[in-house]
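# Structural description and commentary
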Amino acid sequence: MSLERRSSEALERPVGCLADLIGYLRAGEKPPERWLVGIEHEKLAVLASGAPVPYEGEDGIESLLRRLADADGWKTVGEDGRVVALEKETLGVSLEPGAQVELDGTPLRTVHALMAEVEGHLQRLKRLSDPLGIHWLGVGLHPFAGVASVPRVPRERYRMMRAILSQRGELSLEMMHCTAAIQASFDYADEADMVAKMRAALAVTPLVAALFANSSVSEGRANGFVSRRLHVWGGTDPDRTGMLPFVFEPDFGYQRYVEYALDVPTLFIRRGGRYREVGGKTFGRFLDEGHEGERATLADFDLHLTTLFPHVRLKQILEVRVSDAVPAPLLGAIPALWKGLLYDAEAREFALAHARRWSHVDRRALLDAVARAGLAARAPDGPVLPAARELVAAARAGLRRLAERDPAGRDEGLFLEPLEARLEDGRSPGEVVLERWQGEWGRSPQRLIEYARY
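Just so it is clear, the structure is predicted and the values come from calculations on it, not from any experiment. (Residues numbered from 1 in each chain as written. Predicted model: local features only at pLDDT ≥ 70, side-chain atom pairs only at ≥ 80, totals over all residues. Heavy atoms only, no water.)

## So, the overall build of the chain
- Helices and strands together make up the secondary structure of the chain, namely 18 helices and 17 strands.
- Relative to the compact-globule value of 22 Å for 454 residues, the chain shows a C-alpha radius of gyration of 21 Å, a close match.
- By principal-axis analysis of the C-alpha atoms, the chain measures approximately 60 × 55 × 45 Å.
- Put simply, the chain has 454 residues, and 61% of those count as buried.
- For the chain, the share of sequence-separated contacts (at least 6 apart) that also reach a separation of at least 24 residues comes to 72%.
- Total accessible area on the chain is roughly 17,000 Å²; 49% of this is exposed by carbon and sulfur atoms.
- Where the 59 positive side-chain charges of the chain centre and where its 66 negative ones centre are 2 Å apart. (Helix = DSSP H or I, 4+ residues; strand = E, 2+ residues; numbered from the N terminus. Rg over C-alpha atoms; globule rule 2.2 N^0.38 Å. Buried < 20%, exposed > 50% of the residue type's maximum accessible area, 1.4 Å probe, protein only. Contact = heavy atoms within 4.5 Å. Areas by Shrake-Rupley, 256 points an atom, 1.4 Å probe, with all protein chains shown as cover. Lys, Arg positive; Asp, Glu negative; His and termini not counted. Charge placed at Lys NZ, Arg CZ, Asp CG, Glu CD.)

Now the structure itself:
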């Protein structure tokens with residue numbers, strides 16, 4: 001959850017030293033009985049023709065947000081008179097740069113409760129969208145439109161990001177405007193627990209990417225990838241993306257992550273409700289020197305952390321960010337898989353074993369292979385598919401031990417069933433889409449929309 005949805009006087013005080021930033025991360029520690037699961041769910045809006053839905057206009061995304069606010073009692077969040085987000089208690093709906101709509105869900109104890117909230121949101125959104133001919137797609141990349149065709153949300157932070165990131169990676173604008181992902185967030189008990197979870201998550205990131213790889217069609221044609229979204233992230237600013245090899249070094253902890261963040265250029269700070277640039281200074285330089293009379297605050301650091309985009313991100317929570325958006329049947333499998341792996345000690349140890357099997361170079365190469373081939377890729381020591389099956393089985397066993405049950409007595413492993421069916425078939429979601437797109441669908445946008453829409 002960003003600063004825009006959290007206000008605290010403590011965050012506004014100037015940072016005195018490195019220990020303040022380390023203390024900020026340490027303040028996220030929670031005992032296991034308070035651990036929650038969160039989700040950020042991005043989705044792409046298209047018309048029946050496959051064309052992107054404009055931001056402006058009576059039937060555009062901004063108008064839809066206003067209708068959602070009126071229907072469900074949300075508070076609109078504006079910028080220069082334009083609606084760019086909604087808030088309600090612990091929930092948020094925000095717009096990504098290309099008018100992708102993101103649900104920032106309430107962190108909850110169980111995946112059962114989390115997915116009930118997500119499903120309720122989708123039902124309400126669909127009820128308002130259907131009369132406008134708007135469809136919401138569970139795919140990782142816009143299948144029909146490129147950067148030049150999608151709308152641009154009029155937010156100052158996005159204008160700054162476009163100007164800066166476009167100079168740092170050739171695919172940065174495609175990342176901002178055309179991709180959609182599903183992120184899950186988790187808590188940590190202390191520094192050692194955070195370290196173990198980050199290592200476990202990064203160790204199996206290529207396998208999870210293969211399980212949910214789902215962006216094989218873009219701009220109306222096969223794009224040569226099973227997850228082009230994953231490839232696009234590889235062509236974005238290298239200072240703030242990637243697999244963080246230092247996480248596996250012996251001295252990794254809060255301080256090493258803070259040092260990493262200090263070395264990344266600051267995109268902007270916020271003063272008086274407006275975003276301001278700081279001359280391209282790293283956060284470390286901004287901390288040491290200030291900028292035009294402004295001193296770095298914990299609020300600035302909080303905002304800066306949200307502009308770092310590694311596959312696993314540390315804030316006062318741990319975020320796993322590698323999964324393409326997927327259709328509804330697979331949606332709950334993402335938080336369920338990660339919960340089983342990260343919140344159960346035995347399953348987490350299974351995931352950590354991958355850190356010992358593969359080097360950073362291996363994981364980086366495997367991530368590239370997965371982007372192109374999904375579950376058909378090969379790891380350094382064998383095919384990805386059986387390794388992915390073992391990983392899902394470990395997560396299911398972890399969920400069984402955690403024993404968080406719904407009223408019918410079912411544990412959270414039930415959300416893995418669609419994923420297990422996909423593993424029986426042996427193909428990533430994007431492989432299925434590609435085969436059908438080139439075969440039975442006859443490259444019909446309407447058939448792809450029918451398949452992928454929520």
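There's plenty left to go through after this.
## Brief notes about the nonpolar core
- One finds M198, Y257 and W338 to be the most contacted residues of the largest nonpolar core, which totals 151 residues.
- With 13 residues, helix 6 (residues 191-211) is the largest single contributor of residues to this core.
- Among residues more than four places away in sequence, those in contact with M198 are L244, V247, F252, Y257, V312, L314 and L318. (Core = buried A, V, L, I, M, F, W, Y, C linked by side-chain atoms within 4.5 Å.)

## Brief notes about the pattern of salt bridges
- Using the criterion set out here, one finds 43 salt bridges in the structure.
- Among the ionic pairs, R66 bridges to E62, the shortest N-O distance being 3.5 Å. You can see R66 and its partner E62 sitting in helix 2 (residues 61-72), four residues apart, about one turn around the helix.
- Classification of R66 by relative accessible area gives partly exposed; the value is 37%.
- The partner of E79 in a salt bridge is R155, with the nearest N and O atoms 3.5 Å apart. (Salt bridge = Lys/Arg side-chain N within 4 Å of Asp/Glu carboxyl O.)

## Things to note about the pairing of strand 5 (residues 101-104)
- Where burial is concerned, the two faces of strand 5 agree: the one with V101 and L103 and the one with E102 and D104 are both buried.
- When strand 1 (residues 37-46) meets strand 5, the two strands line up antiparallel, connected through four bridges. Of the residues in strand 5, the one forming a bridge with H41 is L103.
- The pairing of strand 4 (residues 91-95) with strand 5 spans four bridges and is antiparallel. (Pairing = 2+ DSSP bridges.)

## What about the packing of helix 2 against helix 3 (residues 111-129)?
- Put simply, helix 2 and helix 3 touch, their axes get as near as 10 Å, and they point 120 degrees apart. Between helix 2 and helix 3, the crossing angle belongs to the class labelled oblique. Relative to helix 3, helix 2 is oriented so that their crossing is right-handed. Taken together, the residues of helix 3 that come into contact with helix 2 (itself represented by L64, R67, L68, A71 and D72) are R124, L125, R127, L128 and S129.
- In terms of residue class, the contact of helix 2 with helix 3 is built from five nonpolar, one polar and four charged. (Axes fitted to C-alpha atoms, helices over the stretch in contact; angles between N-to-C directions. Parallel < 35°, antiparallel > 145°, perpendicular 65-115°, else oblique. Left-handed = near helix turned anticlockwise from the far one by under 90°. Nonpolar A, V, L, I, M, F, W, Y, C, P; charged D, E, K, R; others polar.)

## Points about the side chain of T307
- Among the structural elements, T307 can be located in the loop between helix 10 (298-305) and strand 13 (309-310).
- Side-chain polar atoms of T307 contact the backbone oxygen of H304, separated by 2.7 Å.
- Discounting chain neighbours no more than four positions away, the residues touching T307 are R157, R240, L267, F268 and R313. (Polar contact = N/O pair within 3.5 Å; in protein donor to acceptor, adjacent residues only side chain to side chain.)

## A look at helix 15 (residues 384-402)
- Between its first and last C-alpha atoms helix 15 spans 27 Å; for 19 residues at 1.5 Å apiece the expected length is 27 Å, and the two agree.
- Phi turns positive one or two residues past the end of helix 15, at A403, with a value near 55 degrees. (Expected span 1.5 Å × (residues − 1).)

## A word on the side chain of R240
- Looking at the element boundaries, R240 is found in the loop between helix 7 (228-234) and strand 10 (241-242).
- Polar contacts involving the side chain of R240 include one to the side chain of D237, which spans 2.8 Å.
- Apart from the residues lying within four places of it in its own chain, the contact partners of R240 are L165, Y260, V264, P265, L267, T307, L308, F309 and P310.

## A closer look at the environment of L202
- Mapped onto the secondary structure, L202 falls in helix 6.
- By relative accessible area, L202 is classed as buried at 0%.
- Taking C-alpha positions, L202 is 9.1 Å from A351, a pair spaced 149 residues apart along the chain.
- Every residue in contact with L202, bar those within four places of it in the chain, is listed here: M243, L244, V247, F248, V312 and R363.

## Some words on the packing of aromatic side chains
- Taken as a whole, this structure holds 13 aromatic pairs when the rule is applied.
- For the ring pair Y24 and F301, a centre distance of 5.9 Å and an interplane angle of 80 degrees mean the geometry is edge-to-face. With Y24 in helix 1 (residues 18-26) and F301 in helix 10, the pair connects residues that are 277 residues apart, well separated along the chain.
- Relative accessible area serves as the criterion here: at 6%, Y24 is assigned to the buried category.
- Taken together, a centroid distance of 6.2 Å and an interplanar angle of 50 degrees make the contact between Y188 and Y254 tilted. With Y188 in the loop between strand 7 (181-186) and helix 6 and Y254 in helix 8 (residues 254-262), this residue pair connects regions lying 66 residues apart in the sequence.
- For Y188, a relative accessible area of 0% gives the class buried. (Phe/Tyr/Trp six-rings, centres within 6.5 Å; stacked < 30°, edge-to-face > 60°.)

## Observations concerning the pairing of strand 2 (residues 75-79)
- Pairing of strand 2 with strand 3 (residues 82-88) involves five bridges; the strand directions are antiparallel. Pairing of E79 across the sheet is with R82, part of strand 3.
- If you look at the hairpin formed by strand 2 and strand 3, you'll find two residues sitting between the two strands, and D80 has a positive phi there, around 55 degrees.

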